[in-house]
Amino acid sequence: MSDTRNLKYTLHTYGTDNELQRLGVWRWIRPSAEQHSVPGDPDAPKTKYWLVYIHGGIWRDPRTTHLQAKSAITFLGAESNRARIAGFASLDYRLSPHPEFPQDAATTPPAKLRVAKHPDHLADVRCALAFLRREYGVGHGEGETPYVLYGHSCGATLAWQVVMGVECGGPVGRDAVPMPAAVVGFQGMYDLVGLNRRFKGAYRDMIAGAFGDDEEVWKEVSPVHFKGKFSETWTGCEKGVAVLAYSPQDEWIDMPEIDGMEARLKEEANAGIHVQTRRDLTGGHDEVAESGRTVATVLVQSIAGLDNVARIWKMTEELMNERVSN
Ligand SMILES: N[C@@H](CC(=O)c1ccccc1NC=O)C(=O)O
């Protein structure tokens, strides 16, 4: 099953200030053949998706890079998946300082310095997504290829912040950032204040390293406390899915983190937000991200979730048309 021979990897830079303003793309080597069609199933879904990853590392860990996506990509890079996956991308973004990896600002070239502060991380993620839209046609508009945005830990936070439209200035306007078809969070951080409180302040320094000391800011950027409406900021959400994937063996992120996000999203169930929650993954916090099999399985299920939503829309439209013609 594991195979990247069918894929060609390209490293792109989407910014010039820092070496982490880069992203990896894996595309099928042979030009896209006709879609496979499943014999006998006229309703077989035909949509292809890009899969776009945002890694975690609590906004600061230089050991985690876009290459973390590789293990799942090797599982999904089998020729048979060409029919459903348009390509893979994985983003790096500027990081905040990490106390175990100090840098000397006097001697380190600026492009290598890890001194990002919120909203730098998010501004980079948005630039990267706008880059994918320009260069690869990834997006939610007419003629664009839809994508699944998946993230691990703070990567899941960043994915939701894209959807929330958290203010971050930066060079990319809101309209340039394509909205995903699905948002998939693995071991996600959704409530920075609540998480830190439940862990008795253990995360204070890590979160402050990225967001500063003001807990009001932490709250503002936390998807659980989003004051707006996901159903309004997430263009196309009624045809999309939100997936919360969680392994209870996580030593860093507890179940209430998932419960809180699920409850927040379900507040908007009637406004078109479709939530799928899995609490049965296995492995510790980082193990989930490193397990290509686990990540790949959830991504395949997310695409199946999108297919279900598409099928329901199609049935509804057919029923409506019948009514009109009767
Ligand atoms: N390995 C990371 C720790 C880390 O990634 C982390 C720790 C606690 C809760 C969430 C984490 N990662 C989220 O992106 C570090 O040492 O900075």
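For the structure itself, consult the block above.
Please read all numbers here as calculations on a predicted model, not as lab measurements.

Turning next to the side chain of Q21. Looking at the element boundaries, Q21 is found in the loop between strand 1 (7-13) and strand 2 (22-28). What makes Q21 buried here is its relative accessible area of 5%. Not counting residues up to four positions away in its chain, the partners in contact with Q21 are H12, T13, Y14, G15, T16, R94 and D124.

Time to look at the nonpolar core. Counting 67 residues, the largest nonpolar core has L129, L132 and W160 as the members making the most contacts within it. It is helix 2 (residues 120-136) that provides the largest number of residues to this core, a total of 10 residues. Every residue in contact with W160, bar those within four places of it in the chain, is listed here: V183, Y190, P223, F230, W234, A242, M261 and L265. Counting residues in each nonpolar core, the second largest holds 32 residues, with Y150, A181, V241 and V298 among its members.

One open sheet accounts for 8 strands, arranged 1-2-4-3-5-6-7-8; its pairing is mixed. Two strands close off the open sheet at either side, each with one partner strand: strand 1 and strand 8 (275-278). Ignoring which end each strand starts from, the neighbouring axes of this sheet average 15 degrees apart. Here strand 7 (residues 241-245) runs beside strand 8; their pairing, made up of 4 bridges, is parallel. Counterpart to A245 in the pairing with strand 8 is R278. Its contacts with the sheet put helix 2 on strand 1, strand 2, strand 3 (49-54), strand 4 (85-91) and strand 5 (147-152), and the angle it makes with strand 2 is roughly 35 degrees. Relative to strand 7, helix 10 (residues 292-325) is tilted by about 155 degrees, and along the sheet it contacts strand 3, strand 4, strand 5, strand 6 (182-186), strand 7 and strand 8.

A cis amide bond links H118 with the next residue in sequence, P119, at an omega value of 10 degrees. Within the secondary structure layout, P119 lies in the loop between strand 4 and helix 2. In the Ramachandran plot, S153 falls in the positive-phi region, its phi being about 60 degrees despite a non-glycine side chain. Note that S153 resides in the loop between strand 5 and helix 3 (154-164).

Parameters at a glance
Residues numbered from 1 in each chain as written. Predicted model: local features only at pLDDT ≥ 70, side-chain atom pairs only at ≥ 80, totals over all residues. Heavy atoms only, no water. Helix = DSSP H or I, 4+ residues; strand = E, 2+ residues; numbered from the N terminus. Buried < 20%, exposed > 50% of the residue type's maximum accessible area, 1.4 Å probe, protein only. Contact = heavy atoms within 4.5 Å. Core = buried A, V, L, I, M, F, W, Y, C linked by side-chain atoms within 4.5 Å. Pairing = 2+ DSSP bridges. Axes fitted to C-alpha atoms, helices over the stretch in contact; angles between N-to-C directions.

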